[in-house]
Amino acid sequence: SCSYVLTSAGGTVYEVMYLCKPMLLRKANNTQAVTYDNLIRDNLALVDNIRNREYIEDRIARRLYSNKVRGLVDGNGAGHIVEEIIHVVG
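Nothing here was measured: the structure is a model prediction, and the numbers come from that model.

Visitor: Even after reading the chapter, I still don't get the packing of aromatic side chains, so can you show me in this structure?
Guide: Aromatic ring pairs are defined here through the distance separating the ring centres and the angle between the ring planes. Taken as a whole and assessed by the stated rule, the structure comprises one aromatic pair. Positioned over the ring face of Tyr65 is Lys68, at 4.5 Å from the centre of the ring.

This is the structure in structure tokens:
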């Protein structure tokens, strides 16, 4: 029921996307650089800073970012991996 999520650019971003929540994003370490850069570049998340924290307080801004991630992640990631393993091995 949160309005937006502040997270690092690890695996959690996919859970946030599945929930269709707007994100303020941080890069906690270099292993998160690709995910961080891609989400920011594609305008799917906002860099965590004061300006963006104030911006995301606006209901219209939150809806805009929620709509951008809607449908990108279906919540069946583990199932897709199992299906692919079965496909390759079978």
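Continuing now.
Visitor: Would you mind showing me how to read the pairing of strand 1 (residues 5–8) here?
Guide: Both faces of the sheet carry side chains from a regular strand, because those side chains alternate between them. Only one face of strand 1 is buried: it carries Val5 and Thr7, and the other face, with Leu6 and Ser8, is open. In this structure, strand 1 lies alongside strand 2 (residues 23–26), joined through four bridges in parallel fashion. By the bridge assignment for strand 2, Thr7 is matched with Leu25. Taking the sense of rotation as the criterion, the β-α-β connection linking strand 1, helix 1 (residues 12–18) and strand 2 turns out right-handed.

Visitor: Just to check I follow, could you spell out the sheet that holds strand 3 (residues 46–47) for this structure?
Guide: Strands pair in a sheet through their backbones, by hydrogen bonds, and they do so in one of two ways: parallel or antiparallel. Strand order in the open sheet formed by three strands is 1-2-3, and the pairing between neighbours is parallel. The two strands at the open ends of the sheet, each matched to only one other strand, are strand 1 and strand 3. Sheet contacts for helix 2 (residues 33–41): strand 2 and strand 3; angle to strand 2, the most-contacted strand, approximately 140 degrees.

Visitor: Sorry, what's going on with helix 4 (residues 59–69) here?
Guide: Every α-helical turn comprises 3.6 residues, leaving residues that sit three or four positions apart pointing alike. Among all positions in helix 4, only Ala61, Arg62, Tyr65, Ser66 and Val69 are buried. For helix 4, the arc enclosing every buried residue in end-on projection is 135 degrees, short of the 170-degree limit, so these residues lie on one face. Opposite its buried face, helix 4 presents the exposed residues Arg59 and Ile60, each directed more than 90 degrees away. Looking at the packing, one finds that the buried side of helix 4 touches helix 1, strand 3 and helix 3 (50–55). Its side-chain oxygen at 3.2 Å from the backbone nitrogen of Ile60, Asp58 defines the N-terminal cap of helix 4. Immediately beyond the C-terminal end of helix 4, within one or two residues, lies Gly71, with a positive phi of roughly 85 degrees.

Visitor: Help me understand the side chain of Arg62, please; the structure alone is not making it clear to me.
Guide: Within the secondary structure layout, Arg62 lies in helix 4. Buried within the structure, Arg62 lacks any salt-bridge partner; Glu57 is the closest side chain of opposite charge, at an N-O distance of 4.9 Å.

Visitor: Please clarify how helix 2 should be interpreted in this entry.
Guide: Those residues of helix 2 that sit buried are Ala33, Thr35, Tyr36 and Leu39. With its buried residues spanning 165 degrees around the axis, helix 2 presents them on a single face. Pointing more than 90 degrees away from the buried face of helix 2 are the exposed residues Val34 and Arg41. Buried residues along helix 2 sit against helix 1, strand 2 and strand 3. Positive phi shows up at Asn43, right after helix 2, with a value of about 60 degrees.

The rules we used
- Residues numbered from 1 in each chain as written.
- Predicted model: local features only at pLDDT ≥ 70, side-chain atom pairs only at ≥ 80, totals over all residues.
- Heavy atoms only, no water.
- Phe/Tyr/Trp six-rings, centres within 6.5 Å; stacked < 30°, edge-to-face > 60°.
- Lys NZ or Arg CZ within 6 Å of the ring centre and 35° of its normal.
- Buried < 20%, exposed > 50% of the residue type's maximum accessible area, 1.4 Å probe, protein only.
- Helix = DSSP H or I, 4+ residues; strand = E, 2+ residues; numbered from the N terminus.
- Pairing = 2+ DSSP bridges.
- Right-handed = clockwise from strand over helix to strand, strands pointing away.
- Contact = heavy atoms within 4.5 Å.
- Axes fitted to C-alpha atoms, helices over the stretch in contact; angles between N-to-C directions.
- Arc of directions from axis to C-beta.
- Polar contact = N/O pair within 3.5 Å; in protein donor to acceptor, adjacent residues only side chain to side chain.
- Lys, Arg positive; Asp, Glu negative; His and termini not counted.
- Salt bridge = Lys/Arg side-chain N within 4 Å of Asp/Glu carboxyl O.

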